[in-house]
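An overview of the molecular structure
Residues per chain, in single letters:
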Amino acid sequence: MKTVLVCNWKMNPGTLKEAKELFDATRKAAEKAKNVSVVVAPPSIFISELRARYKGKKIMFAGQSARAEDGGSYTGDISILQVKKSGCDAVLIGHAERRAQGETDDNVQKKVIAALNHGLSPIVCIGESMRGNHGEHFDFIRGQIRAAFSGVPVGKINKVIVAYEPVWAIGAPEPMAPRDMHEMSIFIRKAITECYEMEMKVPRIAPVILYGGAIDVATAGVMMREGEVAGLLVGRASQKKETVSALIAALS
Ligand code: PGA
């Protein structure tokens, strides 16, 4: 299976010209990397233009956030339907930086359903803000998973991509230890399975699990080897031409 790399540009870069340059660097690296599947999540204002000038198939586009409603009076927001119509294949849902601004588990649940209904892959971000000594974070993660999967029909379980991003590792100097991610991947799979305990026929649950938080060229390889993940969701290291090229080359 190909390694998934989601490039979360967040509110960068400043201009369309710079966005085109960053995209071109990403594209060039991606075209050389046979085993890497690259998803770029630019600021929504740049998506249409970048999408229109890209004719290849190697890179997929994602929205960074969008509302479940198809339209309405929501000043400043965009809809999942608009993300789809602008040429995206996926949408990030429940990123920690959105949850910090008030996005709830209930919002996440509605967005996952809307994304699936519009044929977009939901990339659901989950992660605890801190860890205590008694494994409380596992209960917290279980709660986020239950919310995200409630209403997802059995046949669509494997279409939901789960990005585990401990909030304390986002923007931090170092990522989580890969062995802890390994443990978390097993837990996430189990927690998803538990959501479907009452169903008669559950297919083999094989969710795509990503890790995110402080990954760069130095840490990507070991996280892929030891973290039991299908790929990475990367912020800072995806936002500069040099670092994204190096990161993609390292992953291939
Ligand atoms: P970071 O961000 O790679 O800059 O830590 C990750 C994220 O927020 O998705």
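Everything below is about the structure printed above this text.
For clarity, every value in this text was computed on a predicted model and none was experimentally measured.

Turning next to the environment of Pro 122. Relative to the elements of secondary structure, Pro 122 occurs in strand β5 (residues 121–126). Measuring from C-alpha to C-alpha, the distance between Pro 122 and Ala 62 comes to 9.3 Å, with 60 residues separating the pair along the chain. The residues touching Pro 122, leaving out its near neighbours within four places in the chain, are Val 91, Ile 93, Val 112, Ala 115, Leu 116, Lys 159, Val 160 and Ile 161.

Attention now goes to the nonpolar core. Note that soluble globular proteins tend to have their nonpolar side chains buried in a common cluster. Counting 66 residues, the largest nonpolar core has Phe 149, Ile 188 and Tyr 211 as its most contacted members. With six residues, helix α7 (residues 178–195) is the largest single contributor of residues to this core. Apart from the residues lying within four places of it in its own chain, the contact partners of Phe 149 are Ile 157, Val 160, Val 162, Ile 192, Cys 195 and Tyr 196. Judged by nonpolar contacts, the second largest core, of 15 residues, contains Ala 41, Ala 62, Ile 123 and Ala 163.

Before going further, it helps to spend a moment on the pattern of salt bridges. Counted according to the given criterion, the structure contains 17 salt bridges. Between Lys 10 and Glu 97 there is a salt bridge, with the nearest N and O atoms lying 2.8 Å from each other. Taken together, the positions of Lys 10 in the loop between β1 (3–8) and α1 (16–32) and Glu 97 in helix α4 (residues 96–99) put the pair 87 residues apart, joining distant regions of the chain. Judged by its relative accessible area of 36%, Glu 97 is partly exposed. One salt bridge in this structure joins Arg 131 and Glu 128, with 2.7 Å as the shortest N-O distance.

Let us now look at the site of the ligand. The full set close to the ligand counts 13 residues, and Lys 10, His 95, Glu 165, Ala 214 and Arg 236 are the nearest of them. In this structure, an oxygen atom belonging to the ligand sits 2.8 Å away from a side-chain N or O atom of His 95. Starting from 280 Å² of accessible surface for the ligand in isolation, the protein chains cover 99%. In this structure the site holding the ligand corresponds to the second largest pocket. Residue classes in the shell around the ligand are distributed as five nonpolar, five polar and three charged.

Basis of the calculations
- Residues numbered from 1 in each chain as written.
- Predicted model: local features only at pLDDT ≥ 70, side-chain atom pairs only at ≥ 80, totals over all residues.
- Heavy atoms only, no water.
- Helix = DSSP H or I, 4+ residues; strand = E, 2+ residues; numbered from the N terminus.
- Contact = heavy atoms within 4.5 Å.
- Core = buried A, V, L, I, M, F, W, Y, C linked by side-chain atoms within 4.5 Å.
- Buried < 20%, exposed > 50% of the residue type's maximum accessible area, 1.4 Å probe, protein only.
- Salt bridge = Lys/Arg side-chain N within 4 Å of Asp/Glu carboxyl O.
- Near = heavy atom within 4 Å.
- Polar contact = N/O pair within 3.5 Å; in protein donor to acceptor, adjacent residues only side chain to side chain.
- Areas by Shrake-Rupley, 256 points an atom, 1.4 Å probe, with all protein chains shown as cover.
- 1 Å grid on protein atoms, 1.4 Å probe; cavity = no way out; pocket = protein on both sides within 12 Å on 5 of 7 lines; lining within 4 Å.
- Sits in = over half its atoms within 2 Å of the grid points.
- Nonpolar A, V, L, I, M, F, W, Y, C, P; charged D, E, K, R; others polar.

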